[in-house]
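Breakdown of the fold
As a plain string of letters, each chain reads:
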Amino acid sequence: MINKGDKIPDVKLVKATAEGPQQISSSEYFAGKKVALFSVPGAFTPTCSAKHLPGYVEKAADLKAKGVDEIACTAVNDAFVMGAWNDAAGSEDVTMLADGNGEFAQAVGLTMDGSGFGLGQRGQRFSMIVNDGVVEELNVEAPGDFKVSTAEYMLDQL
């Protein structure tokens, strides 16, 4: 599993944009800025839609006031689903990074088996502060919890 002080591994992600999906490397995306990244098991799933994404949307200005350049959400979903989720419940303040094949989740060692719920292999619920490609804070939720990956928890870390 990735740790504080580690560099983000270089894998392909797909950024959901108004112009359509845009492939980007994680090393390119995280370079030269401070990013508040949070990961959800899936777009449109209950806790993710009712609490996780709305918390970051609501606290976006507060996070940016504390030095965050960009807020990003990742999930093992395709860019079209991530874009639709952002249109339905997100904001322009949150960048959606699709990890459709789960390569980012695997590379950071934060996968989970959601087969019991028909989800297959997914990324765990977590958050991290990444500064110029290096993990400054890492908050991994225990299975079923929603405490340490919240926007409020992250604000306390900044």
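Here, the structure is the one placed above.
Residues numbered from 1 in each chain as written. Predicted model: local features only at pLDDT ≥ 70, side-chain atom pairs only at ≥ 80, totals over all residues. Heavy atoms only, no water.

**Points about the sheet that holds strand 3 (residues 34-39)**
Taken in spatial order, the 7 strands line up as 2-1-5-4-3-8-9 in an open sheet, and their pairing is mixed. A strand with exactly one partner marks an edge of an open sheet, and here the two such strands are strand 2 (20-25) and strand 9 (134-140). Between one strand axis and the next, the sheet turns through 25° on average, direction left out of account. As paired strands, strand 1 (residues 12-17) and strand 5 (residues 94-98) are joined by 3 bridges and run antiparallel to one another. Each bridged residue has a counterpart across the sheet, and for K15 the counterpart in strand 5 is L97. Where helix 2 (residues 46-58) meets the sheet, it contacts strand 3, strand 4 (70-75), strand 5 and strand 8 (126-131), and its direction lies at approximately 160° from that of strand 3. On top of the sheet, helix 4 (residues 79-89) reaches strand 1, strand 2, strand 4 and strand 5; it is set at about 160° to strand 5, its chief contact. (Pairing = 2+ DSSP bridges. Helix = DSSP H or I, 4+ residues; strand = E, 2+ residues; numbered from the N terminus. Axes fitted to C-alpha atoms, helices over the stretch in contact; angles between N-to-C directions. Contact = heavy atoms within 4.5 Å.)

**Looking at the nonpolar core**
One finds F38, I71, C73, M82 and W85 to be the most contacted residues of the largest nonpolar core, which totals 23 residues. Listing elements by their share of this core, those giving two or more residues are strand 3, helix 2, helix 3 (60-65), strand 4, helix 4, strand 5 and helix 6 (151-157). Setting aside residues up to four positions removed in sequence, F38 forms contacts with H52, L53, Y56, I71, A72, C73, T74, V94, F126 and S127. With 19 residues, the next largest nonpolar core counts I2, V35, L37 and M128 among its residues. (Core = buried A, V, L, I, M, F, W, Y, C linked by side-chain atoms within 4.5 Å. Buried < 20%, exposed > 50% of the residue type's maximum accessible area, 1.4 Å probe, protein only.)

**Observations concerning helix 2**
With 13 residues, helix 2 should reach 18 Å at 1.5 Å per residue; the first-to-last C-alpha distance of 18 Å fits that figure. Within helix 2 the residues assigned to the buried category are C48, H52, L53, G55 and Y56. (Expected span 1.5 Å × (residues − 1).)

**Re the packing of aromatic side chains**
All chains considered together, the criterion is met by 4 aromatic pairs. Their ring planes at 85° and their centres at 4.9 Å tell us that Y29 and F30 sit as a pair that is edge-to-face. In this structure Y29 comes out as buried when scored by relative accessible area, which is 2%. Considering the side-chain rings of F38 and Y56, the 4.0 Å spacing of their centres and the 5° angle between planes classify their relative orientation as stacked. Of this pair, F38 sits in strand 3 while Y56 sits in helix 2, placing them 18 residues apart in sequence. (Phe/Tyr/Trp six-rings, centres within 6.5 Å; stacked < 30°, edge-to-face > 60°.)

**A word on the pattern of salt bridges**
On inspection of all chains with the given rule, the structure shows 6 salt bridges. A salt bridge links K147 to D145; its shortest N-O distance comes to 3.9 Å. (Salt bridge = Lys/Arg side-chain N within 4 Å of Asp/Glu carboxyl O.)

**Description of the environment of E141**
You can see E141 is positioned in the loop between strand 9 and helix 6. On the basis of relative accessibility, which here comes to 7%, the residue E141 falls in the buried class. Linking E141 and D99, residues 42 residues apart in sequence, is a C-alpha distance of 19 Å. In contact with E141, not counting residues within four places along its chain, are Q124, R125, F146, K147, V148, S149 and T150. At 2.7 Å, the side chain of E141 and the backbone nitrogen of K147 are in polar contact. (Polar contact = N/O pair within 3.5 Å; in protein donor to acceptor, adjacent residues only side chain to side chain.)

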